[in-house]
Amino acid sequence: EVPQYIGTAFWRAMLPKPDDWSVEPGWVNSWASGGKIIMLRTFNDHLSLSAASAWPADRLQELQRTSYYGSDEKDERDTGDALYQAKKMERFRSLFCAAFPQRLISMFESVDPATIIEHGVYCRDPAAAWGEGCVTLVGDAAHVMPPNLGQGTSMAL
């Protein structure tokens, strides 16, 4: 079965932790209109950034990764050149900078565009069986939730 694109794209990156960052350790989630969400997680001297937004299916080819895990599709584009990196950063800014507080947006200026990973989100129908014998899938291995919900284990149980 081929996974179905759900109309959402994800951007992930690492960025330096600001000196005045007070979440140790932990998560900060921020939501905005239009289904946009930004999640920041503290890792020592860096923050892990995950951001999600609606993204039209007819523009999937613009994203860095256009296929799903396990796909036979090959992408021959050079996504490492400077022009592509600039376009990737512009996509990120155009979606998120107007939607979130300036304090949060100013942190994005320190993101190296080469570290941003962008991709569509795909889902498949749940498997008929989640286990066999003494092995059972739980959490992210079994759920069909988008990655920004983080409810894999809860839903599995």
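This text goes with the structure placed above it.
Bear in mind the structure is a predicted one, so any value in this text is a computation, not a measurement.

A. Seen up close, the overall build of the protein chain. Check the secondary structure of the protein chain and you find 3 helices and 7 strands. Going residue by residue from the N terminus, the α and β elements of the protein chain occur as β-β-β-β-α-α-β-β-β-α. Taking all 157 residues of the protein chain together, the buried fraction comes to 36%. Considering only intrachain contacts with a sequence separation of at least 6, the fraction spanning at least 24 residues in the protein chain is 66%. In the structure as shown, the protein chain presents an accessible area of about 9,500 Å², 54% of it carried by carbon and sulfur atoms.

B. Representation of the nonpolar core within the structure. Ranked by size, the top nonpolar core spans 26 residues in total, and within it Trp11, Ile38, Leu40, Leu49, Trp55 and Phe96 carry the most contacts. Of all the elements in the fold, those that place two or more residues in this core are strand 1 (4-16), strand 3 (36-43), strand 4 (46-54), helix 1 (82-96) and helix 2 (102-108). At 5 residues, the largest contribution of residues to this core is made by strand 1. Leaving out residues up to four positions away in the same chain, isoleucine 38 has contacts with Val28, Asn29, Ser30, Leu49, Ser50, Ala51, Phe96, Phe100, Leu104 and Phe108. Counting 5 residues, the second-largest nonpolar core is a separate cluster that includes Phe10, Ile37, Met39 and Val121.

C. Layout of the environment of arginine 41. Assignment of secondary structure puts arginine 41 in strand 3. Overall, arginine 41 belongs to the partly exposed group, its relative accessible area being 34%. Each C-alpha atom of the pair arginine 41 and glutamate 24 lies 9.1 Å from the other, and the pair is 17 residues apart in sequence. With sequence-adjacent residues up to four places away left out, arginine 41 is seen in contact with Gly26, Trp27, His46, Leu47 and Ser48.

D. Inspection of the pairing of strand 2 (residues 27-32) at higher detail. Examined bridge by bridge, strand 2 and strand 3 share 6 bridges and lie antiparallel to one another. Counted as the bridge partner of tryptophan 27 is arginine 41 from strand 3. In textbook terms, the turn of a hairpin is the stretch between consecutive antiparallel strands, and for strand 2 and strand 3 this stretch comprises 3 residues, one of which, glycine 34, has a positive phi near 80°.

E. Molecular detail of the sheet that holds strand 4. Here 5 strands make up an open sheet; going across it, the order is 2-3-4-1-5 and the pairing antiparallel. The open sheet has two edge strands with one neighbour each: strand 2 and strand 5 (117-123). Ignoring which end each strand starts from, the neighbouring axes of this sheet average 20° apart. Of the strands in this sheet, strand 1, strand 3, strand 4 and strand 5 touch helix 1, which is tilted by about 70° from strand 4.

What counts, and where the lines are drawn
- Residues numbered from 1 in each chain as written.
- Predicted model: local features only at pLDDT ≥ 70, side-chain atom pairs only at ≥ 80, totals over all residues.
- Heavy atoms only, no water.
- Helix = DSSP H or I, 4+ residues; strand = E, 2+ residues; numbered from the N terminus.
- Buried < 20%, exposed > 50% of the residue type's maximum accessible area, 1.4 Å probe, protein only.
- Contact = heavy atoms within 4.5 Å.
- Areas by Shrake-Rupley, 256 points an atom, 1.4 Å probe, with all protein chains shown as cover.
- Core = buried A, V, L, I, M, F, W, Y, C linked by side-chain atoms within 4.5 Å.
- Pairing = 2+ DSSP bridges.
- Axes fitted to C-alpha atoms, helices over the stretch in contact; angles between N-to-C directions.

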